[in-house]
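# Structural overview
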Amino acid sequence: MTNSQDADTEIDWSKTTWEGSRREQLRQWQKLSLRERLQTLDEMNRLSDRLAELRARGSDPRK
């Protein structure tokens, strides 16, 4: 087998669809402890606030 064939056999193609990706995200989220989940939510909230602030000022956060 070539390297590309080896890589194909290691890929879980069910995770490459929108539904499969979402299921995998939920599986990963369920593995987190309550503390990790709360920390993640806090980080997402801070990021959201920062992006809203930049948008209100007319700044492009990608630059």
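Residues numbered from 1 in each chain as written. Predicted model: local features only at pLDDT ≥ 70, side-chain atom pairs only at ≥ 80, totals over all residues. Heavy atoms only, no water.

Before going further, it helps to examine the overall build of the protein chain. Helix and strand counts for the protein chain stand at three helices and zero strands. For the protein chain, the sequential pattern of α-helices and β-strands runs α-α-α. Per-residue burial over the protein chain gives 5% buried out of 63 residues. Working note: accessible area of the protein chain is about 6,100 Å², and carbon and sulfur atoms make up 52% of it. (Helix = DSSP H or I, 4+ residues; strand = E, 2+ residues; numbered from the N terminus. Buried < 20%, exposed > 50% of the residue type's maximum accessible area, 1.4 Å probe, protein only. Areas by Shrake-Rupley, 256 points an atom, 1.4 Å probe, with all protein chains shown as cover.)

What follows concerns the pattern of salt bridges. Enumeration over the complete set of coordinates arrives at seven salt bridges. Here the salt bridges do not stand alone but share partners, grouping Asp-12, Lys-15, Glu-24 and Arg-27 into one network. (Salt bridge = Lys/Arg side-chain N within 4 Å of Asp/Glu carboxyl O.)

Turning to the confidence of the model for the protein chain, a few remarks are in order. In the predicted model, the protein chain carries a mean pLDDT of 85, and 81% of its residues have values of at least 70. The element-level mean pLDDT for the protein chain is lowest in helix H1 (residues 3-10), coming to 63, with helix H3 (residues 34-57) highest at 95. (pLDDT = per-residue confidence, 0-100.)

Moving on, we come to a nonpolar patch on the surface. Where nonpolar side chains cluster on the molecular surface, the patch consists of Leu-34, Leu-38, Leu-41 and Met-44 and spans about 410 Å² of accessible area. Within the secondary structure layout, Leu-34 lies in helix H3. (Patch = residues over 30% accessible without salt bridge, like charges linked within 9 Å, V, L, I, M, F, W, Y side chains within 5 Å.)

To continue, consider H3. Here H3 spans 35 Å end to end across 24 residues, near enough to the 34 Å set by a 1.5 Å rise per residue. Directly after H3, the chain includes Gly-58, whose backbone phi takes a positive value near 85 degrees. (Expected span 1.5 Å × (residues − 1).)

A few words now on the packing of helix H2 (residues 18-31) against H3. At a closest axis distance of 8 Å, the pairing of H2 and H3 adopts a crossing angle of 120 degrees. Judged by the angle between their axes, H2 and H3 are oblique. Note on element contacts: H3 touches H2 through Glu-36, Arg-37, Thr-40 and Leu-41, opposite Trp-29, Gln-30 and Lys-31. Partitioned by chemical class, the residues of the contact of H2 with H3 number two nonpolar, two polar and three charged. (Axes fitted to C-alpha atoms, helices over the stretch in contact; angles between N-to-C directions. Parallel < 35°, antiparallel > 145°, perpendicular 65-115°, else oblique. Contact = heavy atoms within 4.5 Å. Nonpolar A, V, L, I, M, F, W, Y, C, P; charged D, E, K, R; others polar.)

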